[in-house]
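Overview (structure and organization)
Each chain, written out:
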Amino acid sequence: MKKKRLTHIPAPEGVAPGTGYTNVVMGSGRMVAVSGQIALDDRGELVGAGDPAAQARQVFENLRRCLAAAGATFDDVIKLTYFVTDVAHLPAVRSVRDEYVDMTHPPASSAVQVAALFRPELLLEVEAFALVDEPPTGAVSS
């Protein structure tokens, strides 16, 4: 099978380069969409009440586990979308993201401040899109 290759275009002509993201990421492979992840542990308990960094760490761990279930890693991520209840949380979220994402080739990203998430104690939600080569073992297709 042909190896998936990602191409990063940080600053297309006429577009300012981003800080901490790539304007365009393209490639070939099998698309993986990971639903927005929140700061709940495997028992459904909130992690990091009132602490955006602690919540971000749980969110990125949840993303890592979801990606792994699809046979992917953060190296395969082409797009992250951040939903935060306060843009003031973004520095803490980005700091945690930098522990998971290769910032020499960051994915495309969007950040949106929202009025609320589905539970008032949640400070952020992050969804991911990735491209991978081969289906994971044990995957169920429909």
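Up top you'll find the structure we're talking about.
Note that the structure is a prediction, hence the values are computed from the model and not measured.

The rules we used
- Residues numbered from 1 in each chain as written.
- Predicted model: local features only at pLDDT ≥ 70, side-chain atom pairs only at ≥ 80, totals over all residues.
- Heavy atoms only, no water.
- Helix = DSSP H or I, 4+ residues; strand = E, 2+ residues; numbered from the N terminus.
- Buried < 20%, exposed > 50% of the residue type's maximum accessible area, 1.4 Å probe, protein only.
- Contact = heavy atoms within 4.5 Å.
- Expected span 1.5 Å × (residues − 1).
- Polar contact = N/O pair within 3.5 Å; in protein donor to acceptor, adjacent residues only side chain to side chain.
- Pairing = 2+ DSSP bridges.
- Axes fitted to C-alpha atoms, helices over the stretch in contact; angles between N-to-C directions.
- Core = buried A, V, L, I, M, F, W, Y, C linked by side-chain atoms within 4.5 Å.
- Salt bridge = Lys/Arg side-chain N within 4 Å of Asp/Glu carboxyl O.

**Observations concerning the environment of Ala33**
- Along the chain, Ala33 falls in strand β3 (residues 30-37).
- What makes Ala33 exposed here is its relative accessible area of 57%.
- Those residues in contact with Ala33 that sit more than four places away from it in its chain are Ala128 and Phe129.

**Brief notes about helix α1 (residues 52-69)**
- Taking 1.5 Å of rise per residue, 18 residues should cover 26 Å, and α1 covers 26 Å from first to last C-alpha, within 8% of that figure.
- Listing the buried residues of α1 in full gives Pro52, Gln55, Ala56, Gln58, Val59, Phe60, Glu61, Asn62, Leu63 and Leu67.
- Turning to α1, the residues buried within the fold contact β3, β4 (77-84), α2 (90-100) and β6 (124-132).
- Among the residues of α1, the N-terminal cap falls to Asp51, whose side-chain oxygen and the backbone nitrogen of Ala53 are separated by 3.1 Å.
- Positive backbone phi, at 75°, marks Gly71, one or two positions downstream of α1.

**Some details on the sheet that holds β6**
- Taken together, the four strands give an open sheet; going across it, the order is β3-β6-β4-β5, and neighbouring strands pair in mixed fashion. A single partner strand is all that each edge strand has here, and the edge strands are β3 and β5 (108-113). Recorded for the sheet is a direction-independent mean angle of 10° between the axes of neighbouring strands.
- As judged from the six bridges shared by β4 and β5, these two strands associate in the parallel manner. By the bridge assignment, Val84 is partnered in β5 with Gln113.
- In the packing of α1 onto the sheet, the strands contacted are β3, β4 and β6, and the crossing angle to β6 comes to about 30°.

**Let's talk about the nonpolar core**
- Ranked by internal contacts, the top residues of the largest apolar core, which has 26 residues, are Phe60, Leu63, Phe74, Leu80 and Leu124.
- Mapped by element, the contributors of at least two residues to this core are β3, α1, β4, α2 and β6.
- Sequence-distant contacts of Phe74, defined by excluding residues within four places in its chain, comprise Phe60, Leu63, Arg64, Leu67, Tyr100 and Val101.

**What to know about the pairing of β6**
- In the sheet, β3 pairs with β6 via six bridges, with the strands oriented antiparallel. Across the sheet, Met31 pairs through a bridge with Leu131, a residue of β6.
- In this sheet, β6 lies alongside β4 in antiparallel orientation, the contact comprising seven bridges. Across the sheet, residue Val84 finds its bridge partner in β6, namely Leu124.

**Some remarks on the side chain of Thr22**
- Tracing the chain through its elements places Thr22 in the loop between β1 (6-9) and β2 (24-27).
- The exposure class assigned to Thr22 is buried, which follows from its relative accessible area of 3%.
- Of note is the side chain of Thr22, whose polar atom sits 2.6 Å from the backbone oxygen of Pro106.
- Once you skip the residues sitting within four places of it in the chain, Thr22 turns out to touch His8, Ile9, Pro10, Pro106, Pro107, Ala108 and Ser109.

**Quick notes on the pattern of salt bridges**
- Under the criterion given, the structure shown has seven salt bridges.
- The partner of Arg43 in a salt bridge is Asp42, and the shortest N-O contact between them spans 3.7 Å. A single burial state applies to Arg43 and to Asp42, both of which are exposed.
- The salt bridge involving Glu121 is made with Arg119; its shortest N-O contact spans 2.6 Å.
- Its relative accessible area of 28% is what places Glu121 among the partly exposed residues.
- Through salt bridges with shared partners, a single network forms among Asp41, Asp42 and Arg43.

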